[in-house]
Amino acid sequence: MDFAYKYSAKSSRGHVIRGTAYAPNKALAYSKLKKGGFLPLKVEFDLGGSLGGLFRPDFNKGELSRFYTTLGRRLKNGKGIVDGLDAATEYLTDQRLKQAVMMMRQAILDGQDEYSAMTTAGFPRRDALVVRSTSETGKTGESFLSLGDEIARNEALRRSVASTFRMPLIMGVFMVLFIWAAVMFIAPATLAFLKQTGLRLNFSPLITAYFDFVHLFHKQSIVSSFLYFSFFGGLIYFVRSDSFKKMLDRIGTLRMLSIKSDHAALWNSFCLLYDAAVPAKEAAVIVGDSAKRTDSRTAFLRMGKLVESGRSLEEATIAAGFPKFVVSGVSSAASSGDMVAGLTDMVRNLEEDVRVLTGLLQENAKIFSVLAMGGGVLLVFVFTYYPMLASVMSNL
């Protein structure tokens, strides 16, 4: 885990620079700054930045896409990369990315090429390889534009999938908080009100058991509340575990969405590397390491070994154990005579399939949310108004 450290340091040209470095500890933050060509003057722990890093341990994808696209346009317009990096520090808000840009700028000023500077600054290895492969041909600007477009498309796809589960998650959090509030505040107030009315209380077994539970809960309210929220904390931990993901993977629609969204992102990256003349075996290993699914990672790593052994990309794809739609797409791309264009078409088709599957899931999620909301309203009635109504009706 990386922590944030605010620093002031001197560049190789004697300029004092201030920023935020991310490292596991203060000593490594010093080392990282020195490696980037800076002379640290002051390094202090930044609590706010460290807490923010817990929720975003990597570059902000939207900011990274914007940076690549803007830098690519500047380079295509004939402006220098150092000026572009200098300008980027003015419009970037992601501190982690801003620090990487500053380190990249300093590395280039110290004589490093774009690939070495990006690697030193901590940019993704895949991105650095794409830039390295085209820098000698004068197409660095086009490479940055391609990277920006690819990251923007992947991020849009990720957000589309994530939005499917947003409403059920909100409903779940609401229900957890409401049940706790009902037990802690609403039920005691309801019972106290009924006792003040002087009515003969005649509860059903369900309501009687509910008020008995409330009485038991209030005897040790702090301990009870801790156990209550700990249970849901454990439930969240289980939901995020590999075991739960394997359970969800048995549901056909969710499995197909997971497979196609993973391959859409992976083959998009592979196509970018392949188009940049990165050897297929090396591109397969790089892409495989970033796979979210184990079966996707295994297939790419196996494909890299098959290509290294002398097989064509089409043959390696067939033998590596990829899904049928991937094998079909790669075979179609190979037969077309333009592998890059064919792979690009396959990726676009996969992205469209993911959008369709996401739309279906979103419709089901809306139905589930409506049912959950109806259940929540019923729960409110049962635990608040029903005990009062039942008592009044029993005294008529």
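Our structure's up above, just so we're on the same page.
Note that this is a predicted model, so its numbers are computed, not measured. (Residues numbered from 1 in each chain as written. Predicted model: local features only at pLDDT ≥ 70, side-chain atom pairs only at ≥ 80, totals over all residues. Heavy atoms only, no water.)

J.: Would you mind going over the overall build of the chain in detail, with residue names and values included?
T.: In terms of helices and strands, the chain carries 18 helices and three strands. Expected size for 396 residues packed as a compact globule is a radius of gyration near 21 Å; at 28 Å, the chain overshoots this value by more than 25%. With the C-alpha coordinates of the chain rotated into their principal frame, the extents come out at 90 × 60 × 35 Å. The buried share among the 396 residues of the chain stands at 41%. (Helix = DSSP H or I, 4+ residues; strand = E, 2+ residues; numbered from the N terminus. Rg over C-alpha atoms; globule rule 2.2 N^0.38 Å. Buried < 20%, exposed > 50% of the residue type's maximum accessible area, 1.4 Å probe, protein only.)

J.: Break down the pairing of strand 2 (residues 16-23) for me, citing the residues and quoting the values.
T.: Strand 2 sits mainly inside the fold: six of its eight residues count as buried. As judged from the eight bridges shared by strand 1 (residues 3-10) and strand 2, these two strands associate in the antiparallel manner. Residue Ala4 lies in a different strand from strand 2, and its bridge partner there is Tyr22. (Pairing = 2+ DSSP bridges.)

J.: Provide a residue-level description of the nonpolar core, including the pertinent values.
T.: Grouped together as the largest cluster of nonpolar side chains are 78 residues, with contacts concentrated most on Phe67, Met104, Phe123, Trp267, Phe270 and Met303. Not counting chain neighbours up to four residues away, the residues in contact with Phe123 comprise Phe59, Leu64, Phe67, Tyr68, Leu97, Ala100, Val101, Met104 and Met118. (Core = buried A, V, L, I, M, F, W, Y, C linked by side-chain atoms within 4.5 Å. Contact = heavy atoms within 4.5 Å.)

J.: Outline a nonpolar patch on the surface, supporting the account with residue identities and numerical values.
T.: On the surface, a nonpolar cluster with roughly 450 Å² of combined accessible area is contributed by Phe231, Leu235, Phe238, Val239 and Met247. When residues in the nonpolar patch are grouped by element, the largest group, four residues, is from helix 11 (residues 221-239). Structurally, Phe238 is set in helix 11. For Phe238, a relative accessible area of 34% translates into the label partly exposed. (Patch = residues over 30% accessible without salt bridge, like charges linked within 9 Å, V, L, I, M, F, W, Y side chains within 5 Å. Areas by Shrake-Rupley, 256 points an atom, 1.4 Å probe, with all protein chains shown as cover. Salt bridge = Lys/Arg side-chain N within 4 Å of Asp/Glu carboxyl O.)

J.: Summarise the sheet that holds strand 2; cite the residues concerned and give the values.
T.: The pairing of strands in a sheet happens through backbone hydrogen bonds and is either parallel or antiparallel. Strand order in the open sheet formed by three strands is 2-1-3, with antiparallel pairing between adjacent strands. Among the strands making up the open sheet, the edge pair consists of strand 2 and strand 3 (39-46). Pairwise comparison of adjacent strand axes, ignoring direction, gives a mean angle of 25° for this sheet. Along the sheet face, helix 1 (residues 26-35) touches strand 1, strand 2 and strand 3 and points at about 140° away from the line of strand 3. (Axes fitted to C-alpha atoms, helices over the stretch in contact; angles between N-to-C directions.)

J.: Can you lay out the environment of Arg18 for me, pointing to particular residues and giving the numbers?
T.: One can find Arg18 in strand 2. Taking the C-alpha atoms as reference points, Arg18 and Lys42, 24 residues apart in sequence, are found 9.4 Å from one another. The residues touching Arg18, leaving out its near neighbours within four places in the chain, are Tyr7, Ser8 and Met102.

J.: Mind laying out helix 9 (residues 166-197), listing which residues take part and the relevant values?
T.: Over its 32 residues, helix 9 extends 43 Å from the first C-alpha to the last, a length consistent with the 46 Å expected when each residue adds 1.5 Å. A bend of about 45° at Ala182 is the largest found in helix 9. (Expected span 1.5 Å × (residues − 1). Bend = angle between axes of the 7 residues up to and from the residue.)

J.: Tell me about the pattern of salt bridges, and name the residues and values.
T.: Taken as a whole and assessed by the stated rule, the structure comprises 11 salt bridges. Arg159 is the partner of Glu155 in a salt bridge, and the nearest nitrogen-oxygen pair spans 3.4 Å. One end of the pair, Glu155, and the other, Arg159, are both in helix 8 (residues 140-163), four residues apart, so they sit about a helical turn from each other. With a relative accessible area of 11%, Glu155 lands in the buried category. Residue Asp295 is joined to Arg293 by a salt bridge in which the shortest nitrogen-to-oxygen separation is 3.0 Å. Classification of Arg293 by relative accessible area gives buried; the value is 11%. Linked through salt bridges whose partners overlap, the residues forming this network are Asp249, Arg255, Arg293 and Asp295.

J.: Give me the packing of helix 14 (residues 280-289) against helix 15 (residues 294-308): which residues, what numbers.
T.: It is at 8 Å that the axes of helix 14 and helix 15 come closest, and there the two elements cross at 165°. When the axes of helix 14 and helix 15 are compared, the pair comes out roughly antiparallel. Seen from above, helix 14 lies across helix 15 with left-handed handedness. Facing helix 14, whose interface residues are Ala280, Lys281, Ala284, Val285, Val287, Gly288 and Asp289, helix 15 presents Arg297, Phe300, Leu301, Met303, Gly304, Val307 and Glu308. Among the residues forming the contact of helix 14 with helix 15, the class breakdown is eight nonpolar, two polar and four charged. (Parallel < 35°, antiparallel > 145°, perpendicular 65-115°, else oblique. Left-handed = near helix turned anticlockwise from the far one by under 90°. Nonpolar A, V, L, I, M, F, W, Y, C, P; charged D, E, K, R; others polar.)

J.: How would you sum up the packing of aromatic side chains? Please name residues and give values.
T.: The final tally for this structure, using the stated rule, is 19 aromatic pairs. Both rings, one in Phe67 and one in Tyr68, keep their centres 5.7 Å apart while their planes meet at 40°; by these two values the pair is tilted. Aromatic side chains Trp180 and Phe229 sit 5.7 Å apart centroid to centroid with 50° between the ring planes, which places their arrangement in the tilted category. Note that Trp180 is positioned in helix 9 and Phe229 in helix 11, a separation of 49 residues in sequence. For Trp180, a relative accessible area of 23% gives the class partly exposed. We classify Phe229 as partly exposed; its relative accessible area is 33%. (Phe/Tyr/Trp six-rings, centres within 6.5 Å; stacked < 30°, edge-to-face > 60°.)

J.: Got a sec to walk through helix 10 (residues 205-219)? Specific residues and values, please.
T.: Between the first and last C-alpha of helix 10 there are 21 Å, a value that for 15 residues agrees with the 21 Å anticipated at 1.5 Å per step. All of the buried residues along helix 10 are Ile207, Tyr210, Phe211, Val214 and Phe217. An end-on view of helix 10 places all buried positions within 115° of arc, on one side of the element. Exposed and facing more than 90 degrees away from the buried side of helix 10 are Pro205, His215, Leu216 and Lys219. (Arc of directions from axis to C-beta.)

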